[in-house]
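# Architecture and fold: a report
Take a look at the letters that make up each chain.
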Amino acid sequence: IRRNNDNNNVSFSHLQVREYEVTLGDNPSVSSGAPLSLGWRYNPNENFSSLDFGGATSELPLSNPQTTPSSPLSPPSSTSSSSSKPRRSRSELKLSDKEREKRLVMNSSVSVEDIRNMLHSTRVTQMERKQSLQDFCKMEMMKKRQDRMLRESRLRGRRRMGF
């Protein structure tokens, strides 16, 4: 790592990007479909290509379209500067439930039964969270009513005493 203090640039002498397997996740915050997670396995025999990033040459692995279709982690396919490519929006980075399912089916260690079980577990957790939020809101409303009634009773007591 070299740092140039004049314009606060950082450059790297070597860059290695790993693509990890996509596997079944356990995050119940997914909007629909099965959640994804990165597994521990990666390809140790990565193919490298020299790409130019803003004047500094770095090594990046070539993605394989058969193993990672339209992967948001895949490096750019052209040798143009990364600053010339527009940054993708948050919605462009989201995967549809169909795309997540397609990626899971490609993973031989994830069965259809595993996906079904996780979908059920995810729905149960989402319903529990929704119920918990509703219970919390009810408690907050009751607390506000109780506080208001207490303030009103104190005001009435002060009026009776002539304050």
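Up top you'll find the structure we're talking about.
Now for a quick tour of the structure. Quantities reported herein were computed from a predicted structural model and do not represent experimental measurements.

Definitions and cut-offs
- Residues numbered from 1 in each chain as written.
- Predicted model: local features only at pLDDT ≥ 70, side-chain atom pairs only at ≥ 80, totals over all residues.
- Heavy atoms only, no water.
- Helix = DSSP H or I, 4+ residues; strand = E, 2+ residues; numbered from the N terminus.
- Buried < 20%, exposed > 50% of the residue type's maximum accessible area, 1.4 Å probe, protein only.
- Lys, Arg positive; Asp, Glu negative; His and termini not counted.
- Salt bridge = Lys/Arg side-chain N within 4 Å of Asp/Glu carboxyl O.
- Contact = heavy atoms within 4.5 Å.
- Arc of directions from axis to C-beta.
- Core = buried A, V, L, I, M, F, W, Y, C linked by side-chain atoms within 4.5 Å.

### Things to note about the side chain of Arg-100
Summarising the element assignment, Arg-100 is placed in helix 2 (residues 97–106). It turns out Arg-100 is buried and unbridged, and the closest side chain with the opposite charge, Asp-97, is 5.6 Å from it. Apart from the residues lying within four places of it in its own chain, the contact partners of Arg-100 are Val-30, Ser-32, Gly-33, Ala-34, Leu-36 and Leu-95.

### What about helix 2?
For an α-helix the count is 3.6 residues per turn, leaving residues at separations of three or four pointing the same way. Listing the buried residues of helix 2 in full gives Glu-99, Arg-100, Arg-103 and Leu-104. Projected down its long axis, helix 2 shows its buried positions confined to an angular sector of 140°, all on one face. Summarising the geometry of helix 2, the exposed residues directed more than 90 degrees from the buried face are Lys-98 and Val-105.

### Some details on the nonpolar core
Counting residues in each nonpolar core, the largest one holds 6 residues, listed as Leu-24, Ala-34, Leu-104, Val-110, Ile-115 and Met-118. Ignoring sequence-local partners within four residues, the contact set of Val-110 consists of Thr-23, Leu-24, Leu-104 and Ile-115.

### Things to note about the pattern of salt bridges
With the rule as written, the count across this model stands at 7 salt bridges. Its salt-bridge partner being Asp-147, residue Lys-143 comes within 3.5 Å of it at the nearest N-O pair. Here Lys-143 and its partner Asp-147 are both found in helix 3 (residues 112–160), 4 residues apart, which amounts to about one turn of the helix. Taking the relative accessible area as the measure of exposure, Asp-147 reaches 31% and is therefore partly exposed. Residue Glu-152 pairs with Arg-156 through a salt bridge whose shortest N-O separation is 4.0 Å. Of the two residues, Glu-152 and Arg-156 both sit in helix 3, 4 residues apart, roughly one turn of that helix. Each of the salt bridges in this network shares a partner with another, and the network as a whole consists of Glu-99, Lys-102 and Arg-103.

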